[in-house]
Amino acid sequence: MPRLANKVAVVAGGATGIGAACAVRYAAEGAKVVIGDFNIDTAKALADEIGPNAIAVRYDAADADSIKNLIESAVAAFGTINVLHNNVAITSLAIQSQDTTVVDIPIEIWNATLNVNVTSFLLGSKYAIPHMIKAGGGSIINTSSDSGRVGDVVRTAYGASKAAVISLTQHIAVQYGLQGIRCNAITPGVILTGAMKEDPALVEFIRPHILTPNFGGPEDIASLATFLASDEAGYITGQAIACDGGHLAHQPQMADVRKAMAEANAN
Ligand SMILES: NC(=O)c1ccc[n+]([C@@H]2O[C@H](COP(=O)([O-])OP(=O)(O)OC[C@H]3O[C@@H](n4cnc5c(N)ncnc54)[C@H](O)[C@@H]3O)[C@@H](O)[C@H]2O)c1
């Protein structure tokens, strides 16, 4: 039997990149899938591609009523919600380039980033959890980031938002675990989506710091998310699981040591 047979999965921020790969994979594993996104044309095209077990719903993660409508639309279409994947984030380079240092960041950029990247996860969970409890339980997956685990020279709001996602994940796991709800975060490293390809300089900075020969793709996150969504992960909750090619798994000086050893061997 497919791993997500008889489950209804909502992907919030599912039109492109990681969310799209997860939506495709959830459907391939037997789930009925609701793709929420403000890029509705792309979300609809994806739902059409998946087939009758998928629908697209226009929603804006910056708007509480819109998030409520996404959850209610899923229940209206498919009867319940078993999996909620909070995946949305502000990924546009135009906005991220203004997400600078603590002293320089415009407060509007901070507020907008926290609102979309964290508050929308709280609200999606707030509206979905009562339906999940009625259904006997569920799985919430929150897309965080390596950026939520360490400091950086810029992207202060993005990093803080992704750290908050990990804490929110633990709070949900604690508060609703006995009612059958599991909640886990995924912390991707560089995943070569369209959003990430917009920032080739950042990608090249990170390249010497991963342990695998190549960067991951959206399907790598989809594999992990599908497992977390399924009953096979029934004893896993409250975790932040990295899918990052080992980016944060080594001594900080590793790249320098590798380079020095290669130079010594060449001489
Ligand atoms: N790609 C990476 O390397 C990487 C690394 C770490 C974490 N992540 C995280 O993975 C998730 C997906 O990122 P991605 O790389 O696939 O980017 P993406 O831009 O392809 O995906 C984001 C999706 O959210 C939608 N969206 C953005 N703002 C919205 C809003 N206000 N309302 C509704 N929809 C909105 C976009 O239309 C898009 O479909 C994000 O949470 C991101 O922070 C990505």
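Because the structure is predicted, anything quoted here is derived from the model rather than measured.

### Structural notes on the site of the ligand
By nearness alone, 27 residues border the ligand, and T16, D37, T91, Y158 and T193 come closest of all. Within the complex, the protein chains bury 93% of what would otherwise be the 820 Å² of accessible surface of the ligand. Among the secondary structure elements, those contributing two or more residues to the shell around the ligand are helix 1 (17-28), helix 6 (156-176) and helix 7 (194-197). Here the residues of the shell around the ligand sort into 13 nonpolar, 11 polar and three charged.

### What about helix 2 (residues 40-50)?
An α-helical segment advances 3.6 residues per turn. Residues three or four places apart therefore align on the same side. Within the span of helix 2, buried status applies to I40, A43, L46 and A47. Seen along its axis, helix 2 keeps its buried residues to an arc of 125°; they face one direction. Turned more than 90 degrees off the buried face of helix 2, the exposed positions are D41, D48 and E49. Tucked into the core, helix 2 has its buried residues touching helix 1, strand 2 (32-37) and strand 3 (54-58). Immediately downstream of helix 2, the backbone of G51 shows phi near 115°, a positive value.

### Notes on the environment of T237
With respect to the secondary-structure elements, T237 resides in the loop between helix 9 (218-229) and strand 7 (240-243). Distance in space between the C-alpha atoms of T237 and N184 is 5.5 Å, their sequence separation being 53 residues. With residues up to four places along the chain from it excluded, the contact list for T237 reads A173, I181, R182, C183 and N184. Among the polar contacts made by the side chain of T237, one reaches the main-chain amide nitrogen of C183 at a distance of 2.9 Å.

### Examining the side chain of D146
Tracing the sequence through the fold places D146 in the loop between strand 5 (138-143) and helix 6. Although buried, D146 forms no salt bridge, and the nearest oppositely charged side chain, R149, lies 4.6 Å from it. Here D146 is in contact with T187, P188, G189, D244, H247 and L248, once residues within four sequence places are set aside.

### What to know about the packing of aromatic side chains
This model, assessed by the stated rule, comprises zero aromatic pairs. In this structure, R155 is placed above the aromatic ring of Y158, and the distance from its NZ or CZ to the ring centre is 4.6 Å.

### What about helix 3 (residues 64-78)?
If you check helix 3, its first and last C-alpha atoms are 22 Å apart, about what 15 residues at 1.5 Å a residue would give, namely 21 Å. Every buried residue of helix 3 is listed here: S66, I67, L70, I71, S73, A74, V75 and F78. Buried-residue contacts for helix 3 involve strand 1 (8-12), strand 2, strand 3, strand 4 (83-86) and helix 5 (107-134). A positive backbone phi angle near 95° is found at G79, which sits one or two residues after helix 3.

### Concerning the sheet that holds strand 4
Read from one edge of the open sheet, seven strands run 3-2-1-4-5-6-7, paired in parallel fashion. Edge positions in the sheet fall to strand 3 and strand 7, since each of these pairs with one other strand and no more. In this sheet, neighbouring strand axes are inclined to one another by 20° on average, regardless of whether the strands run parallel or antiparallel. Sheet topology note: the strand 1/strand 4 ladder contains four bridges and is parallel. Residue pairing for strand 4: V10 is matched across the bridge by L84.

Conventions and cut-offs
- Here the residue numbers are simple positions, counted from 1 along each chain's written sequence.
- pLDDT decides what is reported in this predicted model: residues at 70 or higher carry local features, side-chain atom pairs at 80 or more are listed and counted, and totals for whole chains, interfaces and linings draw on all residues regardless.
- To obtain the side-chain values, all non-hydrogen atoms of the structure were used and water was disregarded.
- Definition of nearness: a residue and a molecule or strand are near each other if at least one heavy atom of the residue lies within 4 Å of the molecule or strand.
- Residue burial considers only the protein chains on display, and all accessible areas are found by Shrake-Rupley using a 1.4 Å probe.
- Segments assigned H or I by DSSP are reported as helices when at least four residues long, segments assigned E as strands when at least two residues long, and all are numbered from the N terminus.
- Residues are sorted three ways: Asp, Glu, Lys and Arg are charged, Ala, Val, Leu, Ile, Met, Phe, Trp, Tyr, Cys and Pro are nonpolar, and all the rest, Gly among them, are polar.
- The cut-offs for exposure are 20% and 50% of the maximum accessible area for each residue type, with area from a 1.4 Å probe on protein chains only; residues under the lower value are buried, those over the upper are exposed, and the others partly exposed.
- Think of it as the arc spanned by the lines of direction from the helix axis to the C-beta atoms.
- Any pair of residues with heavy atoms lying within 4.5 Å of one another is described as a contacting pair.
- We define a polar contact as two N or O atoms separated by no more than 3.5 Å, with the added condition that, inside protein, one atom must be a possible hydrogen donor and the other a possible acceptor, whereas residues neighbouring each other in sequence contribute only through side-chain atom pairs.
- Charge counting treats Lys and Arg as positive and Asp and Glu as negative, with His and both chain ends excluded.
- In what follows, salt bridge is the name for a side-chain nitrogen of Lys or Arg lying within 4 Å of a carboxyl oxygen of Asp or Glu.
- The pairing test for Phe, Tyr and Trp rings, Trp by its six-membered ring, is centres within 6.5 Å, and the orientation test on the planes gives stacked under 30 degrees, edge-to-face over 60, and tilted for anything in between.
- A ring is considered to have a charge above it if a Lys NZ or an Arg CZ atom is located within 6 Å of its centre and within 35 degrees of its normal.
- Under the convention used throughout, the expected extent of a helix is 1.5 Å for every residue step, that is, one less than its residue count.
- The criterion for strand pairing is that DSSP finds at least two bridges linking the strands in question.
- With axes taken as lines fitted to C-alpha atoms, and helix axes fitted only over the stretch in contact, angles between N-to-C directions fall between 0 and 180 degrees.

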